[in-house]
Amino acid sequence: MQRFRILRIVLRIAKSALIIAGCLLLFFVVMAFTTKPFYMHHRLGSGIEQNCFEPEVIVMLGAGGMPSGTNLMRLHYTAEAHRLFPDCMIYLLHPGDTSDARSSLMLMAQELIIRGVPEHMIRFLPRGKNTRAQALEFYEDVCKKSDPACVLLVTSPSHTQRSVLSFRKAGVHNLIPFPAFEIPFEGELRYDDDLGKKRRIMAPETGGTLSLRYEFWTQMNYQLIILREYLALAYYWVRGWV
């Protein structure tokens, strides 16, 4: 009898979990047919208060290996920031081996050099393993020694809010957020479905619509990014890091 009672409880919990998961999946699918995820993602990288205007240093937070889409986007914006403020020293905050020319950190530096940044203007802070640790490392190694009056912070749009809050919590208060937004594709992607091949099976024509081909999946991807970032923000808040 005890086993059957436990089994019923487990089945009840599993049924409830499946219902909740199904409702969440339906919610994500419905939202993917709207533009709400795009604006939520955009909000993570914009609307953050800027409390200084002339940076003295540029900080880029690394992300993953090299070459990767995220790192290359951030490096592109870092090089653009240096073009606007050529006297600013650049700090690359990314775990890596500075003695290995093929490490991701050194490849990031090489990418900046290719984009016109002088090698002597690049500094490395390779110890931080997450945003909190990177903010503390920058405060300890840079702010306590030279105390820059204004810091320009380069990272991905979804990561901007957590980065700014983490740096301010660590003691770096004067920041200019510089989110690495991608420039929207401006080309025409609709096409004529009659491309000269006979269909093997019946299939809908999608050449005249972008909803199923691109927009649905883009909005779905935004939702995953937003979910991950809000969970990370919640964790940082619980830990007292933001």
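All residue numbers here refer to positions counted from 1 along the written sequence of the relevant chain. Residue-level local features of this predicted model are given only where pLDDT is at least 70; pairs of side-chain atoms are given and counted only at 80 or more, and the full residue set underlies all totals for whole chains, interfaces and linings. Values shown for side chains rest on all heavy atoms present in the structure; no hydrogens or waters enter the calculation.

Draft legend 1. Geometry of the overall build of the protein chain. When you go through the protein chain residue by residue, the secondary structure sums to 7 helices and 5 strands. Each helix and strand of the protein chain, placed in order from N terminus to C terminus, yields the pattern α-α-β-α-β-α-β-α-β-α-β-α. Summarising the internal contacts of the protein chain: among those between residues at least 6 apart in sequence, 72% fall at separations of at least 24. Areas reported here follow the Shrake-Rupley algorithm with a probe of radius 1.4 Å; residue values treat only the protein chains shown as occluding. On the protein chain, roughly 15200 Å² of surface is accessible, and the fraction owed to carbon and sulfur atoms is 61%. Strands are runs of DSSP state E lasting at least 2 residues, helices are runs of H or I lasting at least 4, and numbering of each runs from the N terminus. Any pair of residues with heavy atoms lying within 4.5 Å of one another is described as a contacting pair.

Draft legend 2. Structural detail: unusual backbone geometry. Of note, the bond from Met 66 into Pro 67 is cis; its omega dihedral lies within 30 degrees of zero at -10°. Position of Pro 67 among the secondary structure elements: in the loop between β1 (57-61) and α3 (69-84). One non-glycine residue, Asp 147, lies in the positive phi region at around 50°. Relative to the assigned elements, Asp 147 resides in the loop between α5 (131-143) and β4 (151-155).

Draft legend 3. Representation of the sheet that holds strand β5 (residues 175-179) within the structure. Strand pairing requires that DSSP identify at least two bridges connecting the strands. What the 5 strands build is an open sheet, ordered β3-β2-β1-β4-β5; its pairing is parallel. At either end of the open sheet lies a strand with only one pairing partner, and these are β3 (122-125) and β5. Strand-to-strand twist in this sheet, taken as the mean axis angle between neighbours without regard to direction, amounts to 25°. One ladder, built from 4 bridges, connects β1 with β4; its direction is parallel. Note on β4: the bridge partner recorded for Val 59 is Leu 153. Note on geometry: axes are C-alpha line fits, over the in-contact stretch for helices, and angles between N-to-C directions span 0 to 180 degrees. The sheet strands contacting α3 are β1, β2 (89-93), β4 and β5, and the helix crosses β1 at an angle near 175°.

Draft legend 4. Highlighting the environment of Leu 61. Following the sequence through the fold, Leu 61 ends up in strand β1. For every residue, the accessible area (1.4 Å probe, protein chains only) is compared with the maximum for its type, and the residue is labelled buried under 20%, exposed over 50%, or partly exposed between those bounds. Classification of Leu 61 as buried rests on a relative accessible area of 0%. As for Leu 61 and Thr 155, which are separated by 94 residues in sequence, their C-alpha atoms are 5.6 Å apart.

Draft legend 5. Up close: the packing of aromatic side chains. Pairing of aromatic side chains requires ring centres within 6.5 Å, counting the rings of Phe and Tyr and the six-membered ring of Trp. Pairs whose planes differ by under 30 degrees are stacked, by over 60 edge-to-face, and all others tilted. One pass over the structure, following the stated rule, counts 11 aromatic pairs. Each residue in the set Phe 33, Phe 216 and Trp 217 is aromatic and connected to the rest through ring pairs, giving one cluster. Only when the NZ atom of a Lys or the CZ atom of an Arg is both within 6 Å of the ring centre and within 35 degrees of the ring normal do we say a charge sits over the ring. When the ring centre of Tyr 236 is taken as origin, the NZ or CZ atom of Arg 162, which lies over that ring, is 5.0 Å away.

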